[in-house]
Every structure is written in structure tokens, then in C-alpha cells.
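Structural features, examined
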Amino acid sequence: MNLHVTVLGLLCFCCITNAAQILGVFPFPARSHIQLGNRILKELADRGHNVTIISPYKEKAQRKNFNQVLVENVFQKSAEMKSDLFNHVNYNILHRVLFLNTLGINFTELALNDTNVKAFLKERHHFDLVIIQHFNSDAYNGFCYRYKAPCISVSPLPVPNWFSNKVGNSAPPSYVPQLLVSYSSKMNFWQRIFNSMVYLLSEISHRFYLYPEQNRLLQKYFPGAPHLDELYYNTSLILYNGHVSVSDVSPNLPNTIDIAGYHVSPPKKLPEDLQEFLDNAIDGVIYFSMGSNLLSQDFPISLINSILKIFSKLKQRVVWKFEGDLPNRPTNVLIRSWLPQQDILAHPNVILLITHGGLLSVIEAIYFGKPILGLPVYSDQGLNSKRAEEAGYGRFIRFEELSEESFEKVLNEMIHNPTYMSKAKARSRIMHDQPLPPLQRAIFWIEYVLRHRGAPHLKSSALSLSWYQYFLLDIIFGLIVFCGLIVMVLIAVWRNSIFYKPKLKQY
Ligand SMILES: *[C@@H]1O[C@H](CO)[C@@H](O)[C@H](O)[C@H]1NC(C)=O
Ligand SMILES: *[C@@H]1O[C@H](CO)[C@@H](O)[C@H](O)[C@H]1NC(C)=O
Ligand SMILES: *[C@@H]1O[C@H](CO)[C@@H](O)[C@H](O)[C@H]1NC(C)=O
Ligand SMILES: *[C@@H]1O[C@H](CO)[C@@H](O)[C@H](O)[C@H]1NC(C)=O
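Per an unreviewed UniProt entry, the protein goes by UDP-glucuronosyltransferase and derives from Pyrocoelia pectoralis. Per its UniProt entry, the protein bears the Sequence similarities (unreviewed entry) comment "Belongs to the UDP-glycosyltransferase family." Regarding the protein, the UniProt comment filed under Catalytic activity (unreviewed entry) reads as follows: "glucuronate acceptor + UDP-alpha-D-glucuronate = acceptor beta-D-glucuronoside + UDP + H(+)".

See the structure below:
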């Protein structure tokens, strides 16, 4: 296995691509998104490419070959939205679909209208490749047009129909769950009805709302650009944050590459007090974090008290990412406003992750082989949690259904039933059993696109069909007409034959 990796590594180096000018467009102000773009682009910079990234987080340290265009005006909006996130549990499905569209449109415009970005676009630059974030932000394809460079999209979500039509993948709603449903890929009749309905809703909202708006932004900020339709399907490669160990199995064309796990770094040393707290937890540690956008301190106070009461009865120690103060917390609970999640999950004493079900957290849990208890609130969190339950390494309680009884029951079940841990370990082995580690795979394919000037040979002919051709509707229609004609001819022949005796009218 190790030899395998080395040989492949050497092969990669032999065909190393000349240093290229690469632009990364990752302006969405969420740590989880920027982590994805940054990791890839920094790796490319370390390999000698000259990288420029459009992003909202200022790099602390200078890095060789790594230039930044700072997007400044997106934070106020994201801060306004954060406090509102828990309300999503009350949204109906239409509201949830439209929310993601509007979110994408609003932030795309904020980024394109940013002073630094506008100035950067006015300057003269040359890029050999543009890597864009794919998050309801299709106007960013304008950057590829502006620099006449091949386009690579990075999807933070592994949900196939989020990106499949861009390259001509198929993702039928019969077995591919939609982003906003909490179903596994094995759906019963009613679930398939709902899943297909959400699929239709998303398609319609994209066709009649999202794309026209994105096209408007494209025309406004990239004057002279062709219609979005022309750029949208001109994507050389999709890198998506999924893998069979994390997401459902679905068809992928050769230019659709799964890279989940690539953002995880080898564990670093923990702060001393934290290390000691974890080392001395003989009965194990439960790590509890709702991620960077949902804050535990915004939980209803009664819920916080119930949770603390349950924790106080445990033999295990608990590390909770809690942003405020909890003066009455039991001694086995440690709180911090920020915690090195990956390094904590790597610790052998950690036996469970309680999480909002965000994709990166789920990937990290699988990477380190820890079971998860999901408390999903919005977006893909329900879907991720459901998958974990289906695969046997997790359980979930919808946040709106969370009560002292339900939480205590599931928590105790997960602590005392060893199958969750063994399933998590099995998943982890699947994730690590790959010919190339995911980050290396991403780099290989990016440089492949560079070497083959956009790699047009990877393009599916599905993209040159219109939708009725794709679904064979023209042929079905033709067949129906043809069969109809034959039937009519046969009837006519029958009526004129000697065997045909017209019924006589009875008087
Ligand atoms: C790297 O890219 C930046 C543009 O973002 C450019 O200003 C700089 O000259 C480039 N450096 C090299 C060595 O090509
Ligand atoms: C998008 O912007 C519009 C107008 O500024 C605002 O009404 C809407 O609430 C915003 N939606 C989201 C999801 O940010
Ligand atoms: C774009 O930014 C300018 C300030 O730089 C602001 O006045 C204008 O309202 C913004 N336009 C949109 C559509 O956000
Ligand atoms: C499509 O992408 C290729 C590079 O992959 C580029 O040469 C071509 O100009 C692009 N087409 C349009 C319409 O932008």
C-alpha cells in the first residue's frame, strides 16, 4: 500500500506541470467554505504555482506564491444572519429552497461589488486556470471568461444534483436524495414522492429565479460576457466534498472527482490543559460542538440546563464548544469558545462527537473513526445525520425535537452500545483505503486540466443535448406517432377487406 502511494507520487512528479498562474474565487464568508478553497490553493502554491485567492479571511502569515484579494464587505451580512439560523427549523420546504437561492445571489453580488474585487478585475492579469467556489454563485464563471482560462468548480456539498447538470451527470430523484430532505438513498414510495417534489421545486427555482439572477450579475460585473448558459456548461472539472465513506453512491463522470477528507490535517499538539483533561478521562470523552455558525450559547436556557443535568450524571468527561460562560457547570464539563476540533477528535479517549451534522464535522469524525450524535438544524445537516444513522455509526435528533428525555436516552444508548464505535472505525478504514490521499487526488486532477488545456476530452456529450433529447422525449414522441400511423393503416386495410362485415342497424 505504501509502495503503491510512493510509486504514484513519483509518477505525479515526473509529469509535473510547469508553474502556472492560478486564480481561486472563494469569497463566501463561512470558515467551512474557505477552509476548502484555502487548503487546495495553498498546496498548489507550495508546489510552485503562483496562486491568487479572492477570499474574506485575511491570511495571518505571508506565504510564498500566495497572493490575496481581500473581500471586505461580506461580513456584516453574515453576522446579521448568524443569529437567525436557529429559526430555520420553522421554515417549510419552499422557504428553505428559496433561502439558499437568495443567499447565493446576495453574497455573489456582495463579493462582485466589493471595492477590492472590482479594482482587481480592472487590472491586467493573466491566469492559466480559475478555480471557483460552487455555491449558488454561478456568476463567478465570469472570472473564467474574463481570463479566458479553464474553469474548475469546487462544491462544498456532495449532493449530486447540486452540481450534476453542470457536467452532464445524472442524478435521478428515484434514489438520489435532495439536499434539504433527511432521507437515505433507499427511499420508500412516500419519500420518493417528496424527494421528487423537492427536486422539481429546486429545478424550477433554479431555472426561473437563480440562473436569471446570476446571469444578470454576470452581465453587470463582466461586461460583454456571453449568456450564463454558455459559460455554465463550460466547466472542465468538478471537485466535490464527498466520498463513498461519507456520501451516497451515485454515478460520476470522469471529470467529477470526490475529495472528501482532504481538508483534514495530521493532528497537532493540544494545549497542555486540554491534553491533560483528555488523557485523564479514563471513561472516555464526549466532544460537543455545533460548528462555527450555530452557537451553543444561543440554545434556549432551559435546554442548556437540561443538557448540563444530563452531563453531570455521566462518568465520561465532556468538552463543549460553548461561547459564553456556564458558572454552574459540573466538574466533568470543560467549555471553550474555540477548540481545535480535528486534534481533539484524533485523541484516542474521545468516544463520541455531538454535532450539528455539518459536513466537515462528519468527515472529520469518519476520518478519526468516531461515532456521531447529530442535532441537525438547517441545510444539509439533516441529510448528513441521516446518512450516519443509516450507516450505523450515528444517531440523530432533529433540533426542534430535542428534549431532556430524548437526548439522555440516545446519548446513553450511544455510550453503552459498542456497535456505533465499530461501525465508525469501519467507515474510517474505507475513507483511508484509497490509491491516492484526497488532497493529492485533487492536485493531480487540477494539474491534469492544466496539462491538457481544459481537458475538453473529458466533456460528456450529454451537454450538447437539449432536455427533451436527453430524456428521449423526441424519440418517444416519434414512436407514438409511428405506432399510431400503423394502427390507422391496419384499420383502413381491415375495413376494405372482404372479411369486414359492417353491423347492420337494427330497426
Ligand atoms: C503572481 O500573481 C500576481 C497576481 O495576482 C502577480 O501580481 C505577480 O506578478 C505574479 N508573480 C509571478 C512570479 O508571476
Ligand atoms: C437578500 O437580500 C434581500 C434584499 O437586500 C433581502 O431582503 C433578503 O432577506 C436577503 N436574503 C438572504 C437569504 O440573505
Ligand atoms: C455596490 O457598492 C457601492 C459602494 O461601493 C454601493 O454604493 C452600492 O449600493 C453597491 N451596489 C449593490 C447593488 O450592492
Ligand atoms: C470554454 O473553456 C475553454 C477552456 O477550457 C476556453 O478556451 C473557452 O474560451 C471557453 N468558452 C467560453 C465561451 O468561454
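**Focus: helix α16 (residues 419–432)**
When the terminal C-alpha atoms of α16 are compared, their 20 Å separation across 14 residues agrees well with the 20 Å that a helix rising 1.5 Å per residue should span. Residues of α16 that are buried: Y420, A424, S428 and M431. For α16, the arc enclosing every buried residue in end-on projection is 75 degrees, short of the 170-degree limit, so these residues lie on one face. Against α13 (359–367), β13 (394–396) and α15 (404–416) lie the buried residues of α16.

**A word on the site of ligand 3**
In the region of ligand 3, the neighbouring residues are E109, N113 and K220. N113 is positioned such that a nitrogen or oxygen atom in its side chain is 2.4 Å from an oxygen atom of ligand 3. About the coverage of ligand 3: the protein hides 33% of its 360 Å² of free accessible area.

**Overview of the state of the cysteines**
Applying the stated rule across the entire model yields one disulfide. Residue C144 pairs covalently with C151 via a disulfide, S to S 2.0 Å. One quick way to see it: the torsion about the S-S bond of C144 and C151 is about 50 degrees, and its sign makes the bridge right-handed. Here C144 and C151 have matching classes, each one buried.

**With respect to the nonpolar core**
Grouped burial of nonpolar side chains is what soluble globular proteins tend to show. I131, L239 and V319 are the most contacted members of the largest nonpolar core, which has 61 residues in total. The element best represented in this core is helix α17 (residues 438–451), accounting for eight residues. Of the residues that make up this core, three or more belong to each of domain 1 (20–169 + 200–262 + 437–460) and domain 2 (272–432). Setting aside anything within four residues of it in sequence, one finds I131 in contact with I22, L23, G24, V25, F26, L41, L44, I152, V154 and I446.

**Some thoughts on the UniProt feature "transmembrane region" (unreviewed entry) in the protein**
Under the UniProt annotation, "transmembrane region" (unreviewed entry) lies at residues 467–494. Helix makes up 93% of residues 467–494 and strand 0%. Its end C-alpha atoms lie 40 Å apart.

What counts and what doesn't
- Each chain carries its own residue numbering, running from 1 in the written order of its sequence.
- Here the convention is simple: chains get letters from A, ligands get numbers from 1, in the order in which they are written.
- Only residues with pLDDT of 70 or above have their local features reported here, since the model is predicted, and side-chain atom pairs are shown and tallied only from 80 upward, although totals for entire chains, interfaces and linings are computed over all residues.
- Only hydrogens and water are set aside; all other atoms, that is, all heavy atoms of the structure, feed into the side-chain values.
- UniProt positions are given in the numbering used here, feature names are shortened, and annotations may be inferred rather than shown by experiment.
- A helix here means a DSSP run of H or I that spans at least four residues, while a strand means a run of E at least two residues long, and both kinds are numbered starting from the N terminus.
- Expected span of a helix, by definition, is 1.5 Å for each gap between consecutive residues, and there is one gap fewer than residues.
- Any residue under 20% of the maximum accessible area for its type is buried, any over 50% is exposed, and the rest in between are partly exposed; the area is computed with a 1.4 Å probe on protein chains only.
- The directions considered for the arc run from the helix axis to the C-beta atoms.
- We call two residues in contact whenever any of their non-hydrogen atoms come within 4.5 Å of each other.
- The cutoff for a nearby residue is simple: one of its non-hydrogen atoms must lie within 4 Å of the molecule or strand.
- Under the rule applied, a polar contact is a pair of N or O atoms within 3.5 Å (in protein, one hydrogen donor and one hydrogen acceptor; residues adjacent in sequence only if both atoms are side-chain atoms).
- The Shrake-Rupley method, run with a 1.4 Å probe, gives the accessible areas here. Residue values count only the displayed protein chains as cover.
- Cysteine sulfur atoms are paired as a disulfide whenever they come within 2.5 Å of each other.
- To define a nonpolar core, start from buried Ala, Val, Leu, Ile, Met, Phe, Trp, Tyr and Cys residues and group those joined through side-chain atoms within 4.5 Å.
- Domain delimitation in this document rests on an assignment produced automatically or drawn from a domain database.

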